[in-house]
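Structural characterization, general
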Amino acid sequence: MLSASFVRWLSIVLSLTPVTLSAPTTSSTEAELALNYLQSKWYNRTSGLWDSTGWWNSGNCLTAIGDLAAIDSTVTGTAQDVFANTLVQAQKYNLQQLKVITPQFNMETFQGPNFPDTVQAVAVVNPKGFLNGYYDDEGWWALGWIQAYDVTKNQQYLQTAVDIFNDMHASPTTPCGGIWWDKAHTYVNAIANELYLSVGAHLANRVASNKTFYLTTAQNQYNWLIKSGMINSKNTINDGLTTGCVNNGGTVWSYNQGVILGALTELSTATGNSSYRTLATNIANAAITALSDSNGILHDPCEPNCGADGAQFKGIFMRNLQILQKAAPNQSWVKFLVANGASIWAYDRNTGTNALSVVWSGPFVKPANASTQSSALDALIAAQAVGGGSYQNLAIASRRGVVLEE
């Protein structure tokens, strides 16, 4: 667990010299404490969703809980309860949602029934089977249910993911190839297509009876994605394609750099071909270079005003980097994961509540919500998964000009 080591390096931050402190009064890890606040503050048992954030974000909250349960048995009971409740309750939710792409290529989600005057209200839909009007939303929920299956081996969760993937697979091919972002067919973007690849590759490794279908679909999607032009000359991924089917030069968001890492790792596992991980490594390193500050802390260009959508992005990168790190260990990634987890806990936390916000280098920006909390939780889970490495002192002390031996 990270807690004891966090206290050791925090003592260095406060005094700028190593100091031995007693063990913390709680045996909970930082990720456990962050999860406790996420659940007690925002989880709505009636809806099966997390208040203060959107539909797709709740799918990511589900995934984060599953990720922590996979490495921390003390969370298993909570995870099982959430999985069972959300599977039933969330499908009953009266979803009235409109998503738009801003001029900065961020997403903005409007929730009914009260829409701004500038936004046309949309009809209420029942998201039976976790399906709605956006293929990226469906991909997030599919990955969440796959993680729930991995933790519990409950076939109902896996079948839910299969059914979602079938709906994504039914998307008409766009003029550019690939799948649409939305069922209104307004945009071909990276995230929906990366999610389609990722879900297909995940299922190829879990549904043996239909592996050929999922693997062929994932490989075809990979081949298209590579040729689409969305991966630029710097090995980072822009937001999408123009109507003329060329890279639109859209913002390099952390989550577009993240989903592909998990997708390629799963594809490598399914095929035994390590070249997929090689590409993932190149994208991961390019993203860290492009999006980190001088202290190695991850940022998105929208900070601190990212909205509920953009605030989710960074945790997705950390989650998928940890997946790649597990398959292809890299000590520089361990340092990066630990540094970000440490920075969140030291600089981006309300110490009274353990609420976590959007700027991981600090300061804490009010108000926190389920999106900022679960995104930062993803980073803490990733740090816990790598055990803190041997770099916990360097991670924070280096921000104050203290040089420590590794």
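Just so you know, the residues in each chain are numbered from 1, in the order the chain's sequence is written. Two thresholds apply to this predicted model, a pLDDT of at least 70 for residue-level local features and 80 or more for giving and counting side-chain atom pairs, whereas whole-chain, interface and lining totals are computed over all residues. Side-chain descriptors were evaluated using all non-hydrogen atoms of the structure, hydrogens and water having been removed beforehand.

1. Considering the overall build of the protein chain
- Broken down by element type, the protein chain carries 15 helices and 6 strands.
- Here the protein chain, with 406 residues, has 59% of them falling under the buried criterion.
- Only heavy atoms enter the contact rule, under which two residues are in contact if any of them lie within 4.5 Å. Long-range pairs, those at least 24 residues apart, make up 68% of the contacts in the protein chain between residues at least 6 apart in sequence.
- Computed with a 1.4 Å probe, the accessible areas rest on the Shrake-Rupley method; for each residue, only the protein chains presented here act as cover. Carbon and sulfur atoms provide 51% of the accessible area of the protein chain, an area that totals close to 15700 Å². Labels follow the DSSP assignment, with helices taken as runs of H or I lasting at least four residues and strands as runs of E lasting at least two, numbered in each case from the N terminus. Here's how the labels work: a residue is buried when its accessible area is under 20% of the maximum for its type, exposed when over 50%, partly exposed in between, all with a 1.4 Å probe on protein chains only.

2. Notes on the pattern of salt bridges
- Salt bridge, as used here: a side-chain nitrogen of Lys or Arg that lies within 4 Å of a carboxyl oxygen of Asp or Glu. For the structure shown, the criterion picks out 8 salt bridges.
- The shortest N-O distance in the salt bridge between Glu138 and Lys183 comes to 2.9 Å. Of this pair, Glu138 sits in helix H5 (residues 135–152) while Lys183 sits in the loop between helix H6 (155–169) and helix H7 (190–204), and the two are 45 residues apart along the sequence.
- Taking the relative accessible area as the measure of exposure, Lys183 reaches 31% and is therefore partly exposed.
- Residue Arg206 is joined to Glu266 by a salt bridge in which the shortest nitrogen-to-oxygen separation is 3.2 Å. Residue Arg206 is located in the loop between H7 and helix H8 (211–228), and its partner Glu266 is located in helix H9 (residues 254–271); the two are separated by 60 residues in the primary sequence.
- The class of Glu266 is buried, set by a relative accessible area of 11%.
- Overlapping salt bridges, with partners in common, bring together Asp67, Arg319 and Asp378 in one network.

3. What to know about the layout of surface pockets
- Reported here for the largest pocket is a volume of approximately 640 Å³.
- In terms of lining residues, the largest pocket is bounded by 24 residues, among which Asp67, Gln147, Asp150, Gln322 and Ile323 are the most central.
- Mapped onto the lining of the largest pocket, the elements with two or more residues apiece are helix H3 (55–71), H5, H9, helix H12 (313–327) and helix H14 (370–385).
- Each residue gets one label: Ala, Val, Leu, Ile, Met, Phe, Trp, Tyr, Cys and Pro are nonpolar, Asp, Glu, Lys and Arg are charged, and the others, such as Gly, are polar. Its residues assigned to classes, the lining of the largest pocket shows 9 nonpolar, 8 polar and 7 charged.
- In this structure, the second largest pocket encloses a volume near 400 Å³.
- Definitions used throughout: a 1 Å grid over protein atoms alone; a cavity as a set of points that fits a 1.4 Å probe which cannot get out; a pocket as an open set with protein on both sides within 12 Å along at least five of seven lines; a lining residue as one with an atom within 4 Å of a point. Lining the second largest pocket we find 24 residues, and of these Thr53, Gly54, Thr109, Gln111 and Ala308 sit closest to its centre.
- At the level of elements, strand S2 (49–50), H3, strand S4 (107–111) and helix H11 (307–310) are the ones that each hand at least two residues to the lining of the second largest pocket. Grid points are joined across faces, edges and corners, and a volume is the space filled by probe spheres set on the points.

4. Thoughts on the confidence of the model for the protein chain
- Known as pLDDT, the predictor's per-residue confidence is scaled from 0 to 100. Scored by pLDDT, the protein chain comes out at a mean of 88, with 85% of its residues at no less than 70.
- Confidence over residues 6–25 falls short of pLDDT 50; this stretch has 32 contacts with residues more than four positions distant or in other chains.
- Note on residues 389–406: pLDDT under 50 across the span, and 41 contacts to partners over four residues away in sequence or across chains.

5. Describing the packing of aromatic side chains
- Pairing of aromatic side chains here covers Phe, Tyr and the six-membered ring of Trp, requires ring centres within 6.5 Å, and sorts the geometry by plane angle: under 30 degrees stacked, over 60 edge-to-face, intermediate tilted. Summed over all chains, the structure comprises 22 aromatic pairs.
- For the pair Trp56 and Phe313, a centre-to-centre distance of 6.4 Å together with 40° between the ring planes defines the contact as tilted. Of this pair, Trp56 sits in helix H3 while Phe313 sits in helix H12, and the two are 257 residues apart along the sequence. The same class applies to Trp56 as to Phe313, namely buried.
- According to the relative accessible area criterion, Phe313 is buried, its value standing at 0%.
- Among the aromatic residues, those joined into a ring-pair cluster are Trp55, Phe83, Phe130, Trp141, Trp145 and Tyr157.

6. Details of the state of the cysteines
- Two cysteine sulfurs form what is called a disulfide whenever their separation falls within 2.5 Å. Under the counting rule described, the total for this entry stands at 2 disulfides.
- With its bonded cysteines labelled in order along the sequence, the protein chain shows the pairing 1-2, 3-4.

7. Re helix H2 (residues 30–42)
- Here H2 is 13 residues long and its end C-alpha atoms lie 18 Å apart, about the 18 Å a rise of 1.5 Å per residue gives.
- Restricting attention to buried positions, one finds in H2 the residues Glu30, Ala31, Glu32, Ala34, Leu35, Tyr37, Leu38, Gln39 and Trp42. The span one expects for a helix is its residue count, reduced by one, times 1.5 Å.

8. Digging into the nonpolar core
- Note on terminology: a nonpolar core comprises buried Ala, Val, Leu, Ile, Met, Phe, Trp, Tyr and Cys residues joined through side-chain atoms within 4.5 Å. In this structure, Trp50, Trp145, Leu203, Leu261, Phe317 and Leu321 are the most contacted members of the largest nonpolar core, which totals 120 residues.
- Element by element, the count of residues in this core is highest for H7, at 10 residues.
- If we skip the residues at most four places from it in the chain, Leu261 touches Ala280, Ile283, Ala284, Phe317, Asn320, Leu321 and Leu324.

9. Some points on the environment of Arg206
- Classification of Arg206 by relative accessible area gives partly exposed; the value is 22%.
- Taking the C-alpha atoms as reference points, Arg206 and Ala270, separated by 64 residues in sequence, lie 9.5 Å from one another.
- If near-sequence neighbours (up to four positions away) are discounted, Arg206 is found in contact with Ile146, Tyr149, Asp150, Leu158 and Glu266.
- The definition of a polar contact used here is a pair of N or O atoms within 3.5 Å, where within protein one atom must be able to donate a hydrogen and the other to accept one, and adjacent residues in sequence count solely through side-chain atom pairs. Among the polar contacts listed, one links the side chain of Arg206 to the side chain of Asp150, at a separation of 2.9 Å.
- In terms of polar contacts, Arg206 uses its side chain to reach the side chain of Glu266, at 3.2 Å.

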